[in-house]
Amino acid sequence: MTSPAPASSPKPILVLDRVRKAFAGHTAVDDLSLAVPPGVIYGLLGPNGAGKTTTIRMIMDILQPDAGSVRLFGGAAGGRMHAERIGYLPEERGLYRKMRVLDVLVFLGEMKGMERRRARHRAGEWLERLGLAQWRLRRIDELSKGMQQKVQFISTILHEPALVILDEAFAGLDPVNAQVMKDTVLELRARGATILFSTHIMEQAEKLCEHVCIIARGRKLVDGPLGDIKRTRGGHHLVVGFDGSVGAAAQVFADASLVKKVDDYGQYAEVELAPGADPQRVLRDLVGSGARLARFELREPSLLKIFIDLVGPEAVQAGVRPDA
Amino acid sequence: MRKIWAIVRREFVERVRTRWFWIGALLGPVLFGAVFFLSGQLGRGGGLKRIAIVDGTTTQLGARIAEQLGRSGDWAIRVPAAVGVVDSLTAQVRAKHLDGFLIVTDAALDSGKVEYRGSNVFAGKGALQRPVGEALTVVRLQRVGVDPRLVARASIPLRLETCKISRGTTCGETAAQSFSLAYFMGIILYTAILLYGINVMSSVLEEKTTRIVEVLVSSLRPFQLLLGKVLGVGAVSIFQFLIWGVAGRLLLARRAPLAGGDGGGADELFQVPHVTGATFAVFMAYFLGGFFLYSAMFAAVGAMSSTEQEARQAQQPVAWMLVLSFISMFAMLNDPGSTLAVTLSLIPFSSPVAMPVRWAAGNLPASELALSLAILLAAIGGVTWVAARIYRVGILMTGKRPNVKELVRWIRTA
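About the cut-offs
- Numbering of residues begins from 1 in every chain and follows the order in which that chain's sequence is written.
- Going through the entries in the order they are written, you letter the chains from A and number the ligands from 1.
- Whole-chain, interface and lining totals are the exception, using all residues; otherwise, since this is a predicted model, local features are given only for residues with pLDDT of at least 70 and side-chain atom pairs are given and counted only at 80 or more.
- Working from all heavy atoms in the structure, the side-chain values ignore hydrogens and water.
- What makes a patch is a set of residues exposed beyond 30% relative accessible area and free of salt bridges, joined within 9 Å when like-charged and within 5 Å when nonpolar (Val, Leu, Ile, Met, Phe, Trp, Tyr).
- Computed by Shrake-Rupley with a 1.4 Å probe, the accessible areas treat only the displayed protein chains as cover when residues are assessed.
- We define a salt bridge as a side-chain nitrogen of Lys or Arg found within 4 Å of a carboxyl oxygen belonging to Asp or Glu.
- Under the scheme used here, helices are H or I runs from DSSP no shorter than 4 residues and strands are E runs no shorter than 2 residues, and both carry numbers assigned from the N terminus.
- We call two residues contacting when some pair of their heavy atoms lies within 4.5 Å.
- Joining two parts hides part of their accessible area as seen by a 1.4 Å probe, and the buried area is that hidden amount summed over both.
- In this classification, the charged set is Asp, Glu, Lys and Arg, the nonpolar set is Ala, Val, Leu, Ile, Met, Phe, Trp, Tyr, Cys and Pro, and all remaining amino acids, among them Gly, are polar.
- Cavity means a closed set of points on a 1 Å grid over the protein atoms alone, one where a 1.4 Å probe fits but cannot get out, pocket means an open set with protein on both sides within 12 Å along at least 5 of 7 lines, and lining means a residue has an atom within 4 Å of a point.
- Grid points are joined across faces, edges and corners, and a volume is the space filled by probe spheres set on the points.
- The pLDDT value expresses, per residue, how confident the predictor is, ranging between 0 and 100.
- By the convention used here, strands pair only if DSSP detects at least 2 bridges between them.
- Interaxial angle, 0 to 180 degrees, is taken between N-to-C directions of lines fitted to C-alpha atoms, where a helix line uses only the stretch in contact.
- In this scheme, roughly parallel covers angles under 35 degrees and roughly antiparallel covers those over 145, while 65 to 115 is roughly perpendicular and the rest are oblique.
- Helix crossings are classified by the rotation of the near helix relative to the far one: an anticlockwise turn of less than a right angle makes the crossing left-handed, while a clockwise turn makes it right-handed.
- Relative accessibility under 20% of the residue-type maximum defines a buried residue, over 50% an exposed one, and the middle range a partly exposed one, all with a 1.4 Å probe and only protein chains included.

### Structural notes on a nonpolar patch on the surface
On the surface, Trp20, Ile23, Leu27 and Val30 of chain B cluster together into a nonpolar patch covering about 450 Å² of accessible area. Note on placement: Ile23 of chain B falls in helix α2 (residues 19-45).

This is how it looks when you write it as structure tokens:
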């Protein structure tokens, strides 16, 4: 979470440059720029109607931006040129109801440039893995909703994409499938894939994302590594608990470049950090001073709190949506 | 390219797999069989089965008429004229034991006046005019002393053989054949274009309502998707034709028993048409042209609708263009050279039905055919361009169906 972003970060896998899209009178996305580094889980966050889906549709070449550009994998072209390398799960889900499970997966695999035989093979593996093997020759409309969700999720990642884009990924998933989805996302991430997902549920984003971009009314409010955002938007409070020996903790707390204010109770201290101070240094210095620590906790504001502070009342409204 | 091919294959395989495809494949020939059968029945309906001749003649006239009628297959009994016979025969007609009766007297030889009373005087007139007239002539000639053998030779009935001079070369078809060919081509073209056009529409609508279209258009261009869809459904229709063609061949080979034994009426009206290579080419060219034109429009209708119900409403103007050209087919069959027929075979929205009908029914200048095809091609280009733009915007839209103003904006901005 607080892993430092390398100064010379690798080339971003996805870049939006001052992208703009308007529909009959209202501007859905306004002058939006962002860069997604490779190999991260990136959260595109915002209340409903913020422009998340429109942004994703522009990335996928489903919509053309009115202005600005989308660059994927370092090239100038948008999503369609790179369909082979992108897995996309739209917000509204659906499959051909009358088709057989395996046929749907093979067909959608072909749409992503897979060869038929390979698609069939991979689909079989995934169905096996998610416990749907005995359903592969059944028609989609014979499956339960949860099973259909699994099938659609398989169709998104069947071709082992380098970039997975999930629009409102967890919306409408039952708890079991949400777990499957989360596990698979983490596994893809471990294999080096980049995951971009949009959501308006901050608790989910907080648990999964390394990078976030918060937008509202089509405009970007903040973006960057989640840790940085938390630090700059609060994250100034430390709770330190000692295990017997306090060492030279008092000296560390006296360092004005690190600590603005301290509330020392002997075995327990509440620390307000100086602006720009790195809590990791406080930790190092404390350990270096010979103190034995039982507890060292960065009191960060929750992403939800940052989100509400940034977005305003809209965010609260979004947070209580029943289908969330 | 491979993706388009995958779309084509999906449309084809999924459609051919359905029960409905095979029901259609079997029902088509059954339906055509029914048309044969019915027209056979209708063709015969005009004939007279049982009539009586009230014979008040002293010459052979009554016998002669009975003989003539017997020759043409009708069944007539001769009763001598007497008081009350007309009343009792009238009662017989009312009871449907008789179709009607003729009242013949010697005066007919001079005045030519014979009276027929029956349940269906229209049919009676058609069926009796010729045999009774011929009998009168024969008896008149014999009365003035003409050799009966000479009379017999002179009264060999006319058998007019019609033969179409098509494109200045061969004479392969009779009038009945070219009529039935034109008629069937019209029906098949109309049915197939409508049926498969609507197939394209529901396919577009399915992808739109299930939102699969988002995944698809992020992998290939909307136009490629539309193209694959139209080609796939088109391939299904050609496969359907193939099945119908084979079934139709078998059916035609057995048409006589199907039409009811002697095959009289059906044979007159529906004969095995001689389908030349050129006719087949014209048929296929206009089927494909019409299918592309209409399926582009139906695809646009599907794209601008959000539910089946909406689509059913929105497709009506498109379907009506086709229905109108089908209805006018009957007028064109009567006079393939009329201004109406020529106009309809040039307008691209009606030419896919009108032109093949005219081609089959009559002598058609090649220049007209070329002009009509050129206009159709141009129209396909234009209509597809507009439809593809509506399609591109429409497939991602949800909610209210657009009005004309919004449609124009879609076309302009897409």
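### Focus on the interface of chain A and chain B
Accessible area lost during the coming together of the parts is what is often quoted as the interface size. At the interface, 31 residues of chain A touch 24 residues of chain B. Roughly 2500 Å² is buried in total at the junction of chain A and chain B, and carbon and sulfur atoms are behind 56% of that figure. Considering only the surface of chain A that becomes buried against chain B, Arg80, Tyr96 and Met111 of chain A emerge as the three largest contributors, covering 28% of it. The interface formed by chain A and chain B contains 4 salt bridges. Ionic pairing is found between Glu214 of chain B and Arg57 of chain A, a salt bridge with its closest N-O pair at 2.6 Å. For the side of chain A that touches chain B, the element with the most residues is helix α2 (residues 101-111) of chain A, which contributes 5 residues. Class assignment for the residues of the side of chain A that touches chain B results in 14 nonpolar, 3 polar and 14 charged.

### Looking at empty space enclosed by the protein
According to the stated counting rule, one finds 4 cavities of 30 Å³ or more in the structure shown. In this structure, the largest cavity occupies an estimated 90 Å³ of space. Looking at the largest cavity, the residues that line it are Leu89, Arg93, Leu130, Gln149, Lys150, Gln152, Phe153, Leu173, Asn177, Val180 and Met181 of chain A. Of all the secondary-structure elements, those providing two or more residues to the lining of the largest cavity are α4 (145-157) and α5 (175-190) of chain A. It is α4 of chain A that contributes the most residues to the lining of the largest cavity, 4 residues altogether. A per-class count over the lining of the largest cavity returns 6 nonpolar, 3 polar and 2 charged. Residue lining of the second largest cavity: Tyr88, Gly94, Leu95, Leu108, Gln152, Ser155 and Thr156 of chain A together with Ile212 and Val215 of chain B, and that is the complete set. When contributions to the lining of the second largest cavity are tallied by element, the ones reaching two or more residues are α4 of chain A together with α9 (212-217) of chain B. Considered class by class, the residues forming the lining of the second largest cavity number 5 nonpolar, 4 polar and no charged.

### Describing the confidence of the model for chain B
Residue and element names in this part refer to chain B. Looking at chain B, the pLDDT average stands at 80 and 82% of residues meet or exceed 70. Helix α1 (residues 2-16) holds the highest mean pLDDT among the elements of chain B, 91, whereas helix α12 (residues 264-269) holds the lowest, 43. Segment residues 259-270 is flagged for pLDDT under 50; beyond a separation of four residues in sequence, or across chains, it makes 25 contacts in the model.

### Notes on the pairing of strand β1 (residues 14-23) of chain A
Residues and elements named next belong to chain A. For β1 and strand β4 (residues 67-72), the ladder comprises 5 bridges, and the chain directions are antiparallel. Bridge assignment links Asp17 to a residue of β4, and that residue is Ser69. Sheet topology places β1 next to strand β2 (residues 26-36); 7 bridges connect them, and they run antiparallel. The partner of Val19 across the bridge, within β2, is Leu32. Hairpin connection of β1 to β2: 2 residues between the antiparallel strands, including Gly25 at a positive phi of 100 degrees.

### Quick notes on the packing of α4 of chain A against α5 of chain A
Residue and element names in this part refer to chain A. Viewed as axis vectors pointing N to C, α4 and α5 meet at an angle of 15 degrees, and their least axial separation amounts to 10 Å. Comparing the axis directions of α4 and α5 gives the class roughly parallel. With respect to the hand of their crossing, α4 and α5 are arranged in right-handed fashion. For the pair α4 and α5, the contacting residues are Gly146, Gln149, Lys150, Phe153 and Ile157 in the first and Asn177, Met181, Thr184 and Leu188 in the second. Residues of the contact of α4 with α5, tallied by class, amount to 4 nonpolar, 4 polar and 1 charged.

### Some details on the sheet that holds β4 of chain A
Residues and elements named next belong to chain A. Pairing in this open sheet of 3 strands is antiparallel, and the strands run β2-β1-β4 from one edge to the other. Looking at the sheet topology across the chains shown, the edges are occupied by β2 and β4. Sheet twist, expressed as the average angle between the axes of neighbouring strands with direction ignored, equals 20 degrees. Packed onto the sheet, helix α1 (residues 52-59) meets β1, β2 and β4 and runs at close to 120 degrees relative to β1.

### A word on the pattern of salt bridges
Residue and element names in this part refer to chain A. Across all of its chains, the model carries 36 salt bridges over all chains by this definition. Its salt-bridge partner being Arg219, residue Asp30 comes within 3.1 Å of it at the nearest N-O pair. With Asp30 in strand β2 and Arg219 in strand β9 (residues 219-225), this pair connects stretches of sequence that are 189 residues apart. A salt bridge links Asp223 to Lys220, with the shortest nitrogen-to-oxygen separation between them at 3.3 Å. On the accessibility criterion, Asp223 (30% relative accessible area) is partly exposed.

### Quick word on α2 of chain A
Across the 11 residues of α2 of chain A, 11 count as buried, placing the element largely inside the fold. Within α2 of chain A, the full set of buried residues consists of Val101, Leu102, Asp103, Val104, Leu105, Val106, Phe107, Leu108, Gly109, Glu110 and Met111 of chain A. Looking at the buried positions of α2 of chain A, the neighbouring elements they touch are α3 (116-129) and α4 of chain A together with α1 and α9 of chain B. One or two steps after α2 of chain A, the chain reaches Gly113 of chain A, where phi turns positive at roughly 80 degrees.

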